[in-house]
Amino acid sequence: MDRVIKIGIIGCGVMGRVYLNAAKGESSIAITAVADRNEQVAKDTAAEFSVPASYTSSEALIEDPNVEAVIFAIPPAGFKTELALHAFAKGKHGLLEKPIAITLEEVEQLIKASEGLVAASCSSRLRFSDSAEAVRAVLEEGKLGTLRTISCRWILAAKPKPEKLPPPWRLNPALNGGGNLTNLGTYVLDYMFGVTGWKHSVQSVSGRVWGIPLMFNDHVVEGSVGETHSAAIITCQGADAPVVLIEQGEYTIGPEEAAWQISGDRGTLKFRVVPGANNEVLLYQYDKDEVKPVTVWSGAETFAELQRRLLLDFAGAVRDGRAPRTTLRQAYELQRTIDAVYRSSKSGDAISLL
């Protein structure tokens with residue numbers, strides 16, 4: 001039987017509960033402690049999920065000898081990097097929610113401190129789908145030929161004002177490093193780099209970002225100054241390297257869309273980038289004097305299953321001493337690219353990352 005990995009979770013909010021639900025029924029994982037600044041929330045969460053220990057101090061959870069790996073299910077502002085550095089210093093492995101830190105300098109500190117340990121970013125979530133595996137296989141087999149463009153348009157339409165406003169960190173760069181691009185664009189970039197084998201390095205970035213439309217100011221908490229809409233052209237190094245086109249948006253006035261397309265000189269793939277009940281991956285190729293689509297995969301996908309696989313990958317990496325699906329070094333490249341979009345928008349110029 002596989003060794004059981006003992007995990008503590010810092011943060012009993014929405015994402016903390018997502019991890020707790022993902023761990024249910026997994027014999028190779030034991031959630032041994034939870035921590036939250038709200039004592040009652042910590043105690044209630046521990047009781048609900050049958051977790052042996054609860055803390056109001058994250059440091060106390062890290063010091064718990066019954067915890068060998070820590071999940072940081074909290075925003076990066078202020079204390080997340082400090083806590084992760086503490087955990088790594090104590091020899092604890094770590095899985096960090098995205099974005100993993102506020103600044104690139106903080107990420108560099110985390111990379112250095114976690115040497116010899118498993119340190120993972122959750123931005124790999126979407127790559128645990130069966131459709132992502134189908135996309136990766138098509139690319140690996142070279143069915144698209146030389147890649148030209150990788151494009152994603154992930155748009156969330158504006159909705160009626162919610163009864164409960166989103167959390168303060170949601171669109172606050174001071175708390176979460178940015179807005180929609182930091183929150184969801186991290187997944188998109190991870191997917192792009194990941195399914196192509198992390199072999200493309202970014203050469204330059206040109207982008208623009210826009211804040212929330214004034215008519216929706218009462219849909220968010222005060223201080224929500226992060227962008228809600230962004231567009232970027234990302235050029236990769238090498239004469240045959242693809243160009244990446246990204247548009248991210250929420251609170252937008254228009255139809256929702258979650259479409260991805262990868263085009264090469266021999267074919268094109270089209271698919272969704274988020275779980276759905278009727279997802280499919282279509283391969284377009286030229287056959288008998290016309291372009292024909294072929295379904296290479298179809299089926300239902302859920303966020304819950306992707307989360308379960310993410311957690312199992314992290315625990316497996318700890319158990320086997322291997323790299324997780326997305327390492328902190330890889331997450332650094334994602335954050336560096338996103339930072340370049342913000343810098344380009346502010347300056348109006350393309351940003352070189354060479």
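Okay, so let's go over this structure.

1. Regarding the sheet that holds strand β10 (residues 243-252)
The strand order across the open sheet built from nine strands is β14-β13-β12-β11-β7-β10-β9-β8-β15, with neighbouring strands paired in mixed fashion. The sheet is open, and its two edges are formed by β14 (290-299) and β15 (351-352), each paired on a single side. Against the sheet, helix α8 (residues 180-195) makes contact with β7 (147-157), β8 (202-210), β9 (229-236), β10, β11 (257-264) and β12 (268-272), and its axis sits at roughly 150° relative to β10, the strand it touches most.

2. Examining helix α1 (residues 14-23)
For α1, the complete set of buried residues consists of Gly16, Val18, Tyr19, Leu20, Ala22 and Ala23. Positive phi shows up at Gly25, right after α1, with a value of about 75°.

3. Topic: the pattern of salt bridges
Tallying each qualifying case throughout the model produces 22 salt bridges. The closest approach of N and O atoms between Asp313 and Arg322, which form a salt bridge, is 3.2 Å. On the basis of relative accessible area, Arg322 is assigned to the partly exposed category, the value being 33%. One salt bridge connects Glu333 with Arg336, and the closest N-O pair in it is separated by 3.2 Å. Of the two residues, Glu333 and Arg336 are both situated in helix α10 (residues 328-347); the distance of three residues between them amounts to about one turn of the helix. In the salt-bridge network here, residues are joined through shared partners; they are Glu26, Asp130, Glu305, Arg308 and Arg309.

4. Remarks on helix α2 (residues 39-48)
Residues separated by three or four positions in an α-helix point in the same direction, a consequence of the helix having 3.6 residues per turn. What α2 keeps buried is the set Ala42, Thr45 and Ala46. Projected onto a plane normal to the axis of α2, the buried residues spread over an arc of 100° and lie on a single side. Looking at the buried residues of α2, the elements they touch are α1, β2 (29-35) and β3 (53-55). Regarding α2, its N-cap is Asn38, as a side-chain oxygen of that residue lies 3.0 Å from the backbone nitrogen of Gln40 further along. Immediately beyond the C-terminal end of α2, within one or two residues, lies Ser50, with a positive phi of roughly 55°.

5. Side note on the packing of α8 against α10
It is the contact of α8 with α10, at a shortest axis distance of 10 Å, that shows an interaxial angle of 125°. Regarding the angle of α8 to α10, the classification is oblique. The way α8 lies across α10 gives a crossing that is right-handed. Two secondary-structure elements touch here, α8 through Leu181, Thr182, Gly185, Thr186, Leu189, Asp190 and Phe193 and α10 through Leu334, Thr337, Ile338, Val341 and Tyr342. Across the contact of α8 with α10, the residue classes tally to seven nonpolar, four polar and one charged.

6. Quick look at the packing of helix α5 (residues 104-113) against α10
Relative orientation of the contacting elements α5 and α10 amounts to 175°, with a least axis distance of 10 Å. The angle between the axes of α5 and α10 places the two elements in the roughly antiparallel class. Contacts between α5 and α10 pair Leu104, Val107, Glu108, Leu110 and Ile111 from the former with Leu328, Arg329, Tyr332, Gln335, Arg336 and Asp339 from the latter. Residue classes in the contact of α5 with α10 are distributed as six nonpolar, one polar and four charged.

7. Quick notes on the environment of Arg148
Mapped onto the secondary structure, Arg148 falls in strand β7. Beyond its immediate sequence surroundings of up to four residues, Arg148 is in contact with Pro242, Val243, Ser263, Gly264 and Asp265.

8. Brief notes about the packing of aromatic side chains
To describe a pair of aromatic rings, one takes the distance between the centres and the angle between the planes. The tally for this structure, following the rule as stated, stands at five aromatic pairs. Residues Phe193 and Trp198 carry aromatic rings whose centres are separated by 5.7 Å and whose planes lie at 5° to one another, so their mutual orientation is stacked. Geometrically, the ring pair formed by Phe216 and Tyr251 is tilted, given 6.5 Å between the ring centres and 35° between the ring planes. Taken together, the positions of Phe216 in the loop between β8 and β9 and Tyr251 in strand β10 put the pair 35 residues apart, joining distant regions of the chain. Judged by relative accessible area, Phe216 falls into the buried class, the value being 9%.

9. Observations regarding the pairing of strand β5 (residues 93-96)
Every other side chain in a regular strand lies on the same face of the sheet, so the side chains alternate between the two faces. Burial along β5 is two-sided: the face carrying His93 and Leu95 and the face carrying Gly94 and Leu96 are both buried. Here strand β4 (residues 69-72) runs beside β5; their pairing, made up of four bridges, is parallel. Its bridge partner lying in β5, Ala69 is registered against His93. One ladder, built from three bridges, connects β5 with strand β6 (residues 119-121); its direction is parallel. Across the sheet, the residue bridging to Leu95 is Ala120, located in β6. Regarding topology, α5 serves as the crossover connection from β5 to the parallel β6, and that connection is right-handed.

10. Examining the side chain of Thr186
Counting through the fold element by element, Thr186 comes out in helix α8. Taking the relative accessible area as the measure of exposure, Thr186 reaches 7% and is therefore buried. Only 2.4 Å separates the side chain of Thr186 from the backbone oxygen of Thr182, close enough to count as a polar contact. With residues up to four places along the chain from it excluded, the contact list for Thr186 reads Lys98, Ser123, Leu181, Leu334 and Ile338.

Cut-offs applied
- Residues numbered from 1 in each chain as written.
- Predicted model: local features only at pLDDT ≥ 70, side-chain atom pairs only at ≥ 80, totals over all residues.
- Heavy atoms only, no water.
- Pairing = 2+ DSSP bridges.
- Helix = DSSP H or I, 4+ residues; strand = E, 2+ residues; numbered from the N terminus.
- Contact = heavy atoms within 4.5 Å.
- Axes fitted to C-alpha atoms, helices over the stretch in contact; angles between N-to-C directions.
- Buried < 20%, exposed > 50% of the residue type's maximum accessible area, 1.4 Å probe, protein only.
- Salt bridge = Lys/Arg side-chain N within 4 Å of Asp/Glu carboxyl O.
- Arc of directions from axis to C-beta.
- Polar contact = N/O pair within 3.5 Å; in protein donor to acceptor, adjacent residues only side chain to side chain.
- Parallel < 35°, antiparallel > 145°, perpendicular 65-115°, else oblique.
- Left-handed = near helix turned anticlockwise from the far one by under 90°.
- Nonpolar A, V, L, I, M, F, W, Y, C, P; charged D, E, K, R; others polar.
- Phe/Tyr/Trp six-rings, centres within 6.5 Å; stacked < 30°, edge-to-face > 60°.
- Right-handed = clockwise from strand over helix to strand, strands pointing away.

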